Amino acid sequence: MGLTHLQRLEAESIHIIREVAATCANPVMLYSIGKDSSVMMHLALKAFYPSKLPFPVMHVDTTWKFREMIEFRDRFSKDNNLDLIVHINEDGVEKGVGPFSHGSAIHTDIMKTQSLKQALNKHGFDAAFGGARRDEEKSRAKERIFSFRSDQHRWDPKNQRPELWNIYNSRIQKSESIRVFPLSNWTELDIWQYIHLENIPIVPLYFAKERPVVERDGMMVMVDDDRLPLNAGEEPIMKKVRFRTLGCYPLTGAVESNASSLTEIIQEMLLTTTSEREGRAIDKDSNASMEQKKQEGYF
Amino acid sequence: MADKSYEIMQSDQIASDIDGYLRDQEQKSYLRFITCGSVDDGKSTLIGRLLYDSKLIFEDQLESLESDSKKVGTQGGDIDFALLVDGLAAEREQGITIDVAYRFFTTEKRKFIVADTPGHEQYTRNMATGASTADVAIILIDARKGILTQTRRHSFITSLLGVKHIVVAINKMDLANYSKETFDEIERDYRTFVEDMGFETVECIPVSALKGDNITEAGENMSWYTGPALLKYLENIDIESHEDEAPFRMSVQWVNRPNLDFRGFSGTIVSGEVKPGDEIVALPNAQTSTVKSIVTYDGELERAGQDQAVTITLVDEIDISRGDLISEKLRRPEITDQFQAHVIWMHDDPMLPGRPYLIKLANKTTSGEITDLKYKIDVNSFEHEAGKTLSLNEVGVCNFSLDDKVVYEAYKDLAALGSFIMIDKMTNATVAAGMIDFGLRRATNVHWQAVDVDKSTRSKQKRQKPLVLWFTGLSASGKSTIANLVEKKLLALGKHTYLLDGDNVRHGLNKDLGFVDADRVENIRRVGEVSKLMVDAGLIVLTAFISPFRSERRMVRDMLDDHEFMEVFVDTPLEICEQRDPKGLYKKARSGEIKNFTGFDSPYEEPEQADIHLETADISAEEAADLVIKAIEEKYL
């Protein structure tokens, strides 16, 4: 009996998640609250049922996430009896680092990249699951499912371990760590189809709704709280919008949409002609930017 | 430009019937393939074209592609599809692909995962990595150049990794005048040379990746070609295993123990099917039980099959841990701590026989070593070569000895239980990949009693213990003479025997073999295999071969159980052999008429610890035969 492509992807991901639990001393699952994270959490719940997750779940909070993301996170982890760690870079908070005062690049580096390293070091995690997919971006297409990081959390793309069959080598030296990507072989469409098929809950921001937005540099920014400094003459207007990816609200562009159900979202996605990451300010620099960020420790 | 009709049809359905569309899409099958070829063959262009034509490129990516094409493209401002595929910055600059990259695209029938690997010899390991998970391999050939060394290498590696289906994309047909004759000639050559590689299907398709001919649609330039376009072929090829009766096997990955009342075994089913009520055995400890339930997050299952990741509970409390194998009770896989395997070396530090490495096979990790590099295989010519170590990207056939027993199957029978990686104990690097050929020392196959008539029943019937008496020594040392006498004496004692020597083997079974080292090794291997079958039949086998190399004698010993192999060293000094020279061979060797003659220009490696050592200078053949009988009498007769 042949499995469908989603069943095969599901089984492969479960195998990867179980392998980490069985062979790593102190793993953690990074939870970004986005749709890919939701699928990854769902797969983890499946992998260990009826046991609860044998590792904690960690959210690196930049303090600029959408409020609805935080509500969703807390409810989801309570419903599923997760051992949730929320890490905030307190140094950054003390120095008042934010996307407006310091710019998106510094904000992302300090509150996300540095914060993640801080959290991994603090808890001594030897393996961290991430929800990245190989179809997202060119340099990810070459990254292994088990991807090794030096003690400085750097990725060396030229020195990756061969990864054959489904046999994973998760052995590391004391100061090294592994990033594990169970969704490596999923595409964006697979993710949406699986959410549809399995009825996986996702943050309501993915669905279109009247929301207050301002337009800046061709990007629609939602006024999620009163920290968004309005320029002279700038007035939030109500528009029916939704988000294709979720992150820090000032850095995440909304798209105008009428898609208020899951099938409508998928329909819209299939008929659209721009790729998913376009909504993210972070990828816009040079072509090789993601590869460079990852070498520096960005997830 | 791509034919848009399929996309328009699809878009119509998405717009008018999204639920129906999703239902269809969620039932799609899945195919993984690898593309083998070098930049020159147009590999990246081919993949770029597949992504482009199946509309997997979004507008913003297309813009970036167009600007890149102008900046660094090689198509004079036209879209350079190769740029879509070559990912890492370093690769873009050098214009080569240096790693394995995975690409994804979807058609209405299938989801595809493409492993895109470099074709140069120094990236053999990357290609092996991509091939390890591929259902199909696309081998690119430049129509203007035909079959090249690299074609041979790519075919060999895909065959080594057990890829069953080959598609030969004969590319750049646009530069070969779309000539049918050129295509036919390459197809004929290719089919001839892969005849013995064990592929289940080979399909040859003439294409132009650059122009789009026969990629998604036939196009008009090659009306003489009536076969499917590449994408159509990939959409329709049947890769399901048709072995309905494959025995159930699941390697235990994780023991699921949420509380004292629940004990489940989680893992991925690698073969067959399981249902509650099935009788199983947990190996290697061989405890049996019955399946109680198949537990999943979505409820209990009535049955589960290959590739599913499940959790199984059993009726009895038996001790099972990670790395154990749960199997159907009757048809069990084998257990061994020694085996022969093909190895691809993947690290800069060379393989050292005798050095302990970690071996990870299915979910079991144990320490082990390579006891013997039997030979290396040249990946371009497929020739066997002698060697002491394996360097990066070299392929060899090795004997392994492990500290712990593993449950396994031959790689060709079940890759999931026949594949393993080797890990350096100091650096934790993955240094090699291995594929098991067969186990050595079958004595450990404790559970073959399921077979009604076996070796022990056959030997009981003959009232003897089966045995191989392996006579080794120089040419004209008296091996055959003594072996003949021993056989007569055994016959007189009422024993069932058979004598294998050059005369009855070289004229039939091994008439295709010559006297170079590789043939000598193969000669002995075959004699060893035949001896093993005869031992299984309960016979006492006598063999008389020069068998000059220790490693081959050792190989035969390893094929047999303990105490089934006795090495008889017929130790006659070279001068005496040369004096006797019954066939005049020494004379010819001296005059240089015969090459590779043992004792002259080809070495004889004396046994270090023969079971029976006959110094024939001082005794007659009759006395020597008596000594042999005496030596085996107590134990065997």
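The rules behind the values
Residues numbered from 1 in each chain as written. Chains lettered and ligands numbered in written order. Predicted model: local features only at pLDDT ≥ 70, side-chain atom pairs only at ≥ 80, totals over all residues. Heavy atoms only, no water. Helix = DSSP H or I, 4+ residues; strand = E, 2+ residues; numbered from the N terminus. Buried < 20%, exposed > 50% of the residue type's maximum accessible area, 1.4 Å probe, protein only. Contact = heavy atoms within 4.5 Å. Areas by Shrake-Rupley, 256 points an atom, 1.4 Å probe, with all protein chains shown as cover. Salt bridge = Lys/Arg side-chain N within 4 Å of Asp/Glu carboxyl O. pLDDT = per-residue confidence, 0-100. Buried area = accessible area lost by both parts, 1.4 Å probe. Polar contact = N/O pair within 3.5 Å; in protein donor to acceptor, adjacent residues only side chain to side chain. Nonpolar A, V, L, I, M, F, W, Y, C, P; charged D, E, K, R; others polar. Core = buried A, V, L, I, M, F, W, Y, C linked by side-chain atoms within 4.5 Å. Pairing = 2+ DSSP bridges. Expected span 1.5 Å × (residues − 1). Axes fitted to C-alpha atoms, helices over the stretch in contact; angles between N-to-C directions. Parallel < 35°, antiparallel > 145°, perpendicular 65-115°, else oblique. Left-handed = near helix turned anticlockwise from the far one by under 90°.

Caption draft 1: View of the overall build of chain B. The secondary structure content of chain B amounts to 19 helices and 26 strands. Expressed as a percentage of its 637 residues, the buried residues of chain B come to 55%. Long-range contacts, defined here as pairs at least 24 residues apart, represent 72% of the contacts in chain B between residues at least 6 apart. A total of about 27600 Å² of accessible surface is found on chain B, and carbon and sulfur atoms cover 48% of it.

Caption draft 2: How the structure looks around the pattern of salt bridges. Taken as a whole and assessed by the stated rule, the structure comprises 50 salt bridges over all chains. The residue Glu19(A) makes a salt bridge to Arg322(B) at a minimum N-O spacing of 2.8 Å. Here Glu19(A) is found in helix α1 (residues 5-23), whereas its partner Arg322(B) is found in the loop between β13 (309-314) and β14 (325-328) on a different chain. Residue Glu19(A) is classed as buried on the basis of its relative accessible area of 2%.

Caption draft 3: Just the confidence of the model for chain A, in detail. In this model, chain A carries a mean pLDDT of 87, and residues with pLDDT of at least 70 account for 90%. Note on residues 277-288 of chain A: pLDDT under 50 across the span, and 28 contacts to partners over four residues away in sequence or across chains.

Caption draft 4: Broad picture of the interface of chain B and chain A. Every contact between the two is made by 88 residues of chain B and, on the other side, 69 residues of chain A. In total, about 6700 Å² of surface goes out of reach between chain B and chain A, with carbon and sulfur atoms giving 57% of it. Per-residue buried area on chain B facing chain A is highest for Glu26(B), Trp254(B) and Tyr297(B); these three make up 11% of the total on that side. The shortest N-O distance in the salt bridge between Glu19(A) and Lys360(B) comes to 2.6 Å. Where chain B meets chain A, there are 25 residue pairs in polar contact (both at pLDDT 80 or more). For the side of chain B that touches chain A, the class distribution of residues is 39 nonpolar, 27 polar and 22 charged.

Caption draft 5: The arrangement of the nonpolar core in detail. All names here are of chain B. Membership of the largest hydrophobic core comes to 152 residues, with the highest contact counts inside it found for Phe33 and Leu161. Not counting chain neighbours up to four residues away, the residues in contact with phenylalanine 33 comprise Leu50, Phe105, Phe112, Ile113, Val114, Ala115, Ala134, Val136, Ile138 and Leu234. Ile335, Leu361, Ile370 and Val431 belong to the second largest nonpolar core, which has 31 residues in total.

Caption draft 6: Representation of the pairing of strand β8 (residues 262-271) of chain B in the model. Residues and elements named next belong to chain B. Burial analysis of β8 places nine of its ten residues in the buried class, the great majority of the element. Relative to β8, strand β7 (residues 249-259) is paired through eight bridges, and the arrangement is antiparallel. Note that in β8 the partner of asparagine 259 across the bridge is phenylalanine 262. Here β7 hands over to β8 after two residues, the two strands then running antiparallel side by side. One ladder, built from five bridges, connects β8 with β13; its direction is antiparallel.

Caption draft 7: Quick peek at the environment of Thr45(B). The residue Thr45(B) is located in helix α3 (residues 43-53) in this model. According to the relative accessible area criterion, Thr45(B) is buried, its value standing at 14%.

Caption draft 8: Spatial organisation of helix α2 (residues 35-48) of chain A. Between its terminal C-alpha atoms α2(A) stretches 21 Å, which fits the 20 Å expected from 14 residues at 1.5 Å a residue. The buried count for α2(A) comes to 14 of 14 residues, which makes it a mostly enclosed element.

Caption draft 9: Looking closely at the sheet that holds strand β9 (residues 237-242) of chain A. All names here are of chain A. With antiparallel pairing, the four strands of this open sheet are ordered in space as β8-β7-β9-β10. Looking at strand neighbours, the two that pair on one side only are β8 (219-222) and β10 (255-256), the edges of this open sheet. Across five bridges, the pairing between strand β7 (residues 209-216) and β9 is antiparallel. The partner of lysine 209 across the bridge, within β9, is valine 241.

Caption draft 10: Geometry of the packing of α2(A) against helix α7 (residues 188-198) of chain A. Residues and elements named next belong to chain A. For the pair α2 and α7, the least separation of the axes is 10 Å and the interaxial angle reads 55°. Here α2 lies oblique to α7, going by the angle between them. In the packing of α2 onto α7, the handedness of the crossing is left-handed. Residues Lys35, Asp36, Val39, His42, Leu43 and Lys46 of α2 form the contact with α7, whose participating residues are Glu188, Ile191, Trp192, Tyr194, Ile195 and Glu198. Its residues assigned to classes, the contact of α2 with α7 comprises six nonpolar, one polar and five charged.

Caption draft 11: Here's a closer look at the sheet that holds strand β3 (residues 110-116) of chain B. The sheet built from six strands is open, its strands ordered β2-β3-β1-β4-β5-β6 (chain B) with mixed pairing. What marks the edges here is a single partner per strand, and that holds for β2 (101-106) and β6 (201-206) of chain B. Averaged over all neighbouring strand pairs, the angle between strand axes comes to 25°, with direction disregarded. The pairing of strand β4 (residues 136-142) of chain B with strand β5 (residues 165-171) of chain B spans seven bridges and is parallel. Across the sheet, residue Ile138(B) finds its bridge partner in β5(B), namely Val167(B). Against the sheet, α1(A) engages β1 (29-36) and β3 of chain B, with an angle of about 75° to β1(B). Sitting on the sheet, helix α7 (residues 124-131) of chain B is in contact with β1, β2 and β3 of chain B, with an inclination near 165° to β1(B).

Caption draft 12: Structural detail: the confidence of the model for chain B. Residues and elements named next belong to chain B. Chain-level statistics for chain B give a pLDDT mean of 86 and a share of 88% at 70 or above. In the predicted structure, residues 1-5 sits below a pLDDT of 50 and forms three contacts with residues beyond four places in sequence or in another chain. A low-confidence stretch, residues 442-450 stays under pLDDT 50, and its non-local contacts, those more than four residues away or across chains, total 16 contacts.

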